[in-house]
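The chain contents come next:
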Amino acid sequence: MKTLITLLSFLFSLPMLSQEPHTYKIMVKERTSVKGEYKELELLSTNNLKILIIKNQKKERLPLNEKDSLLVVTIMQNYDKKLEKEFISLGEKTLAFEVDTVHLKKEHLLYNTTDNFFKNRKKIKKQLTEKENNRIILDGTTYQIIITDSMGETDVFYVHSPTEDSHPNIFELLSAFRSTYKTPQP
């Protein structure tokens, strides 16, 4: 399965080097706060092909190798803010995922929704930074949305429990993703 994902990523990274305007990648990282569930949705798009890769975190974790285990112990004994990212990446190494892929047809809702979001990403990002967010959220789901275009330029969005009122464009994108992976595909 890892070989398939690596191959798909490689095949989609080749067009990223070209100048095609509709070649892009949208990755959505979703984390729930109470249950601690984690999911990654990755849409790879070219002018005539879209593939959605869905990764659901399994409950069990993979063991760290001896070197990494010793590094975790060292970091925990001598806490240093500089090593925080390394500590997090060691934790991510232990995640195990169930992976599925969906090939999207042109008439699929997600097909146009992702194209529209990609085209308007700069405007949406500007709205996010300008809009005052006075919501108080005690619990919820956090999303990190990473968009990479054919030139390798990346835009990153962070939102917490988006709603149709608070973040309409992001809510529409996430709803389209959700309906795609929760609905059986032909």
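Preceding block: the structure.
About the criteria used
Throughout, a residue's number is its position along its own chain's written sequence, starting from 1. In keeping with the model being predicted, local features are shown solely for residues with a pLDDT of at least 70 and side-chain atom pairs are shown and tallied solely at 80 or more, while totals for entire chains, interfaces and linings include all residues. As a convention, hydrogens and water are excluded, and side-chain values are obtained from all of the structure's heavy atoms. Residues enter a nonpolar core if they are buried and are Ala, Val, Leu, Ile, Met, Phe, Trp, Tyr or Cys, with the set joined through side-chain atoms within 4.5 Å. Working definition: with a 1.4 Å probe on protein chains only, accessible area under 20% of the residue-type maximum means buried, over 50% means exposed, and in between means partly exposed. Strands are runs of DSSP state E lasting at least two residues, helices are runs of H or I lasting at least four, and both sets are numbered from the N terminus onward. Only heavy atoms matter for contacts: two residues are in contact if any of them lie within 4.5 Å across the pair. Only protein atoms enter the 1 Å grid used here, on which a cavity is any set of points holding a 1.4 Å probe that cannot leave and a pocket is any open set flanked by protein within 12 Å on both sides along at least five of seven lines; residues with an atom within 4 Å of a point are listed as lining. Grid points are joined across faces, edges and corners, and a volume is the space filled by probe spheres set on the points. Classes in brief: Ala, Val, Leu, Ile, Met, Phe, Trp, Tyr, Cys and Pro nonpolar; Asp, Glu, Lys and Arg charged; the others, Gly included, polar. Stacked, tilted and edge-to-face are the three classes assigned to paired rings of Phe, Tyr and Trp, where Trp is represented by its six-membered ring and a pair needs centres within 6.5 Å; plane angles under 30 degrees give stacked, over 60 edge-to-face, the rest tilted. Whether a charge lies above a ring is judged from NZ of Lys or CZ of Arg, which has to be within 6 Å of the ring centre and within 35 degrees of the ring normal.

Participant: Tell me about the nonpolar core, residues and numbers included.
Facilitator: Core analysis: the largest hydrophobic core is formed by 25 residues, its most contacted members being Ile-145 and Phe-177. Elements supplying a minimum of two residues to this core: β1 (24-32), β2 (38-45), β3 (50-61), β4 (95-104), α4 (109-119), β5 (141-149), β6 (154-160) and α6 (168-182). Other than its neighbours up to four places away in sequence, Phe-177 contacts Ile-26, Val-28, Leu-41, Leu-43, Leu-52, Leu-110 and Thr-114.

Participant: Before we move on, can you summarise the layout of surface pockets with the specific residues and values?
Facilitator: If you add up the space inside the second largest pocket, you get close to 200 Å³. Around the second largest pocket sit Glu-30, Thr-32, Lys-35, Gly-36, Glu-37, Tyr-38, Lys-39, Asn-56, Gln-57, Lys-58 and Lys-59, which together line it. Taken together, the elements giving at least two residues each to the lining of the second largest pocket come down to β1, β2 and β3. Broken down by element, the residue count for the lining of the second largest pocket peaks at four residues, all from β3. In terms of residue class, the lining of the second largest pocket is made up of one nonpolar, four polar and six charged.

Participant: Give a detailed account of the packing of aromatic side chains, specifying residues and quantitative values.
Facilitator: Counted under the stated rule, the structure contains three aromatic pairs. Here Tyr-38 and Phe-97 contribute two aromatic rings whose centre-to-centre distance is 6.0 Å and whose plane-to-plane angle is 55°, an arrangement assigned as tilted. Of the two residues, Tyr-38 is situated in strand β2 and Phe-97 in strand β4; the sequence distance between them amounts to 59 residues. A cation over an aromatic ring shows up here: Arg-121 above the ring of Phe-118, its NZ or CZ 4.1 Å from the ring centre.

Read these as spatial facts, not as claims about activity.
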